[in-house]
Amino acid sequence: VPWIEEPFGGAETMQLVELIGYASAALLMVMSVPQTVRAYRMGTAGVSALTWWTIAAAVSMWLVYGLRTESTVLIVANVASLVVTAATLLVLAHADSGRWFLSAAGIVCALGLLLVVAMLVPLGVVIAGAVFLPIASRIPQLRASVASYRASERTSVSRATWVLAATGQTGWLIYGVMLGDPALIVVNIVCLVMAIMLLTADFANPGNKSPDLVAAG
């Protein structure tokens, strides 16, 4: 429930709020692209596949929510997000199996099954997944980044990806504050803090200090 009757200044402010929301959504939509490129070029050391599977699950929940509430914006945004996230999963899976086709087939089947199940369960379950999965998705990568820092192991984690994530979540936090939405505020504070923590671990990691790795970003 918003704590303000009308957001700071009426229609013009609401337009600003919506603009912040769309910009934040766009940033989170493309956040996986730098990680996909980096993993393809430099390998997957230190990159948590579990994080990316959980992100894909979260996007799937938002897509199903959009389908079940007939929200065109949510459908379009999350179809695009799911495609680029699946590309990251494909690169990570190929690094383990060495097989593009089998990896792609497995990812398509797994995500397809998840979408079907999400269409059948109560909407409240989908909403809960959409809220809590983004938080859960950051935990494996944070743990992996901290472990790599402690072991001084070089990683292929894309800093650009997590800067985009942190920026997008800052935008959603502002959006939530302006609308007085406690769920958005809490989720994005937690996700933002974890993104900053894993970026700090990656920057501080002695194994990532070589010039060629720093230049790759």
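Residues numbered from 1 in each chain as written. Predicted model: local features only at pLDDT ≥ 70, side-chain atom pairs only at ≥ 80, totals over all residues. Heavy atoms only, no water.

Participant: Would you mind showing me how to read the environment of P34 here?
Facilitator: Relative to the helices and strands, P34 is located in helix 2 (residues 32–42). Judged by its relative accessible area of 21%, P34 falls in the partly exposed class. Along the sequence, P34 and F101 sit 67 residues apart, while their C-alpha atoms lie 22 Å from each other. Once you skip the residues sitting within four places of it in the chain, P34 turns out to touch S158, A160, T161 and L164. (Helix = DSSP H or I, 4+ residues; strand = E, 2+ residues; numbered from the N terminus. Buried < 20%, exposed > 50% of the residue type's maximum accessible area, 1.4 Å probe, protein only. Contact = heavy atoms within 4.5 Å.)

Participant: What am I meant to see in the nonpolar core here?
Facilitator: When a protein is soluble and globular, its nonpolar side chains tend to lie buried together. Membership of the largest hydrophobic core comes to 30 residues, with the highest contact counts inside it found for M31, W52, L82, L111 and W162. Elements with a contribution of two residues or more to this core: helix 3 (49–69), helix 4 (72–97), helix 5 (100–120), helix 6 (123–151), helix 7 (159–179) and helix 8 (182–204). With residues up to four places along the chain from it excluded, the contact list for W52 reads M31, S32, Q35, V47, T85, T88, L89, L92, T161 and W162. (Core = buried A, V, L, I, M, F, W, Y, C linked by side-chain atoms within 4.5 Å.)

Participant: Would you take a moment to explain the packing of aromatic side chains for this structure?
Facilitator: A ring pair, where both rings are aromatic, is described by two values, the distance of the centres and the angle of the planes. Counted under the stated rule, the structure contains four aromatic pairs. Each ring, one from W62 and one from Y65, has its centre 5.9 Å from the other, and the planes form 85 degrees; the classification is edge-to-face. In this pair, W62 and Y65 are both assigned in helix 3, three residues apart and thus about one turn of the helix distant. For the ring pair W172 and Y175, a centre distance of 4.9 Å and an interplane angle of 80 degrees mean the geometry is edge-to-face. Of this pair, W172 and Y175 are both found in helix 7, three residues apart, which corresponds to roughly one turn of the helix. Y175 sits in the buried class, given a relative accessible area of 13%. (Phe/Tyr/Trp six-rings, centres within 6.5 Å; stacked < 30°, edge-to-face > 60°.)

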